[in-house]
Amino acid sequence: MKEIDKFSKITTFIEGLYLIEIINFKDQRGNFTEFYNKKEFENIGLKLDFVQDNYIKSKKGALRGLHLQTEHPQGKLARVIKGIFYDVIVDLREDSKSYGEYYGIILSEEEGKMLYIPEGCAHGLIALSDEAEFMYKTTDYYYPEYATGIIWNDRDLAIDWPLEEYGIKEGEIILSDKDKNLPTLQEYKAND
Ligand SMILES: Cc1cn([C@H]2C[C@H](O)[C@@H](COP(=O)(O)OP(=O)(O)O[C@H]3O[C@H](C)C(=O)[C@H](O)[C@H]3O)O2)c(=O)[nH]c1=O
């Protein structure tokens, strides 16, 4: 088969954060998609090694995040398996020109784009559809002792979560107790 470019990366205003477009091979049976290919990723300038695969299944309105590990930071290759999510990345790399800024995007099973989230960024997502499944690979292991983050409704970030468009009331957002008690961006910076 003639070699075709199966992946292409799109830069964002956050350095190292890429949207990745992938080819979805459709035929009379359904679809086939490569999620990751070490050689092909190196061809688009992403020399990455992953050590863990994670799978999330969320109820509509379930919001996870904004999380990062202060030690053993994780790069994440993320995609939606089913439904729709709003995905948010906050740059917490002190030397970055977009430090303290967020990037938000709607990712869907239909549209099929992936995200590569660089180390040093907090990550969160809310499920916008009744069935919502998400997978991501990480470049380092889970170290709960180093897990922290920023609260989802931080006033300085003022993240524009697309609740109304998807019929989700703020009081219906489902959070873990841990996420309800995450620090604000100011508190995080003070401890950083
Ligand atoms: C993250 C993780 C969790 N767990 C266990 C620990 C808990 O017993 C249970 C749920 O963990 P947690 O509530 O931290 O999971 P999420 O709130 O979905 O966290 C994730 O959500 C956002 C979107 C992220 O990007 C992070 O990778 C990750 O923090 O899974 C593991 O065993 N391994 C893991 O890598």
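Each value, and the rule that gives it
- Residues numbered from 1 in each chain as written.
- Predicted model: local features only at pLDDT ≥ 70, side-chain atom pairs only at ≥ 80, totals over all residues.
- Heavy atoms only, no water.
- Helix = DSSP H or I, 4+ residues; strand = E, 2+ residues; numbered from the N terminus.
- Buried < 20%, exposed > 50% of the residue type's maximum accessible area, 1.4 Å probe, protein only.
- Areas by Shrake-Rupley, 256 points an atom, 1.4 Å probe, with all protein chains shown as cover.
- Lys, Arg positive; Asp, Glu negative; His and termini not counted.
- Charge placed at Lys NZ, Arg CZ, Asp CG, Glu CD.
- Patch = residues over 30% accessible without salt bridge, like charges linked within 9 Å, V, L, I, M, F, W, Y side chains within 5 Å.
- Salt bridge = Lys/Arg side-chain N within 4 Å of Asp/Glu carboxyl O.
- Pairing = 2+ DSSP bridges.
- Core = buried A, V, L, I, M, F, W, Y, C linked by side-chain atoms within 4.5 Å.
- Contact = heavy atoms within 4.5 Å.
- Phe/Tyr/Trp six-rings, centres within 6.5 Å; stacked < 30°, edge-to-face > 60°.
- UniProt positions renumbered as here; feature names shortened; annotations may be inferred.

Caption draft 1: Molecular detail of the overall build of the protein. Of regular secondary structure, the protein possesses three helices and 13 strands. Each principal axis of the C-alpha distribution contributes one length, and for the protein these read about 55 × 40 × 30 Å. Every one of the 192 residues in the protein was classed for burial, and the buried ones make up 49%. Taken as a whole, the protein presents about 10,500 Å² of accessible surface, with 47% of it coming from carbon and sulfur. The protein carries 24 positive and 36 negative side-chain charges, and their two centres are separated by 5 Å.

Caption draft 2: Looking closely at a negative patch on the surface. On the surface, Glu 15, Glu 94, Asp 95 and Asp 192 cluster together into a patch of negative charge. Of note, Glu 94 is situated in the loop between strand 8 (84–91) and strand 9 (102–108).

Caption draft 3: Spatial organisation of the pairing of strand 4 (residues 30–33). Relative to strand 4, strand 3 (residues 24–27) runs antiparallel, the two sharing four bridges. Bridged to Asp 27 within strand 4 is Gly 30. Taken together, strand 3 and the strand that follows it, strand 4, pair antiparallel across an intervening segment of two residues.

Caption draft 4: Local environment of the nonpolar core. Counting residues in hydrophobic clusters, the biggest one holds 23 residues, and the most contacted among them are Leu 66, Leu 92, Ile 126, Trp 161 and Ile 173. Of all the secondary structure elements, the ones that give two or more residues to this core are strand 6 (63–69), strand 8, strand 11 (121–127) and helix 3 (185–191). In contact with Ile 173, not counting residues within four places along its chain, are Gly 61, Leu 63, Ile 126, Trp 152, Leu 163 and Ile 168.

Caption draft 5: Molecular detail of the packing of aromatic side chains. The full count for this structure, using the stated rule, is nine aromatic pairs. Taken together, a centroid distance of 5.0 Å and an interplanar angle of 85 degrees make the contact between Tyr 36 and Phe 50 edge-to-face. Highlighted residues: Tyr 36 in the loop between strand 4 and helix 1 (38–43) and Phe 50 in the loop between helix 1 and strand 5 (52–58), separated in sequence by 14 residues. For Phe 50, a relative accessible area of 18% translates into the label buried.

Caption draft 6: Expanded view of the UniProt feature "active site" (unreviewed entry) in the protein. As annotated in UniProt, the feature "active site" (unreviewed entry) corresponds to His 67 and Tyr 136 in the numbering used here. In terms of the greatest pairwise C-alpha distance, the residues named above, spread along 70 residues, form a tight cluster of at most 13.8 Å across. By the element assignment, His 67 lies in strand 6. Ignoring anything within four residues of it in the chain, the contact list for His 67 reads Lys 76, Cys 121, Ala 122, His 123, Thr 148, Gly 149, Lys 178, Asp 179 and Leu 182. Here Tyr 136 shows up in strand 12 (residues 132–138). Overall, Tyr 136 belongs to the buried group, its relative accessible area being 15%.

Caption draft 7: Molecular detail of unusual backbone geometry. Residue Gly 65 is joined to Leu 66 through a cis peptide bond whose omega torsion reads 5 degrees. The topology assignment puts Leu 66 in strand 6. Backbone geometry places His 72, a non-glycine residue, at a positive phi of 55 degrees. Using a relative accessible area of 32% as the deciding quantity, one classes His 72 as partly exposed. Within the chain, Ala 158 stands out as a residue other than glycine whose phi angle is a positive 45 degrees.

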